[in-house]
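# Close look at the chain arrangement
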Amino acid sequence: MTWRWFGVLVVATAFSAAAASQMPPTIRRLDTPAGTYLVTADGRALYTYEPDEQANGASACNDKCLALWSPMLADADAVSSEPWSFATRADGTRQWRYKGRPLYRFVKDDTPHARYGDGKNRLWHVALDPLPMPPGIGVRRTLKGDID
């Protein structure tokens, strides 16, 4: 490992620790060789839905969509703290949002760490918790994995 990457790792770890301290108790981070994912307390993957981007922070997954994708609901006494917030669903329940994007669970993820919904219909993606990067350094998804 070069000193440059070591410095990036130290800075990223410091930022990640600060973000993790604000994390809701029902959600945690899972660090894997492929990246850092958001999961439920029992290790089930959390997902984002691309059509939510046009829904102004609301959930676009309703009716039939809910048969496969359940919203990650917040407890009644949950408190939001950036980057965490809530989307209020039509039935009045509050759904967790990370960086403005509502979070969901996939019904076919039957074991912890399963990510069967990732890429489903090219609209569903595992919720990533990217490490902060210095200017000029980024990560993008390819068929072979994430690269910088």
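Heads up: these notes are all about the structure in this document. Since this is a predicted model, take the numbers as computed values, not measurements.

This paragraph deals with the nonpolar core. Ranked by size, the top nonpolar core spans 13 residues in total, and within it Ile27, Leu38, Leu46, Met72, Trp84, Trp96 and Leu103 carry the most contacts. Elements that contribute at least two residues to this core include exactly strand E5 (84-88) and strand E6 (94-98). Of all hydrophobic cores here, the second largest spans 11 residues; its members include Tyr37, Cys61, Cys65 and Tyr104.

Our next topic: the sheet that holds E5. One open sheet accounts for 3 strands, arranged E5-E6-E7; its pairing is antiparallel. What marks the edges here is a single partner per strand, and that holds for E5 and strand E7 (101-102). Of the pairings in the sheet, the one linking E6 to E7 comprises 2 bridges and is antiparallel in character. The residue bridging Arg97 from the neighbouring strand is Pro102, located in E7.

The phi angle of most residues is negative, glycine excepted, and most peptide bonds adopt the trans form. Note the cis peptide between Glu82 and Pro83, where omega equals 10°. Its identity as a non-glycine residue notwithstanding, Asn56 has a phi of 55°, on the positive side. For Asp63, which is not glycine, the phi torsion reads 55° and is therefore positive. Locating Asp63 in the fold gives a position in the loop between strand E3 (47-49) and strand E4 (69-71). Judged by its relative accessible area of 70%, Asp63 is exposed.

Calculation rules
Residues numbered from 1 in each chain as written. Predicted model: local features only at pLDDT ≥ 70, side-chain atom pairs only at ≥ 80, totals over all residues. Heavy atoms only, no water. Core = buried A, V, L, I, M, F, W, Y, C linked by side-chain atoms within 4.5 Å. Buried < 20%, exposed > 50% of the residue type's maximum accessible area, 1.4 Å probe, protein only. Helix = DSSP H or I, 4+ residues; strand = E, 2+ residues; numbered from the N terminus. Pairing = 2+ DSSP bridges.

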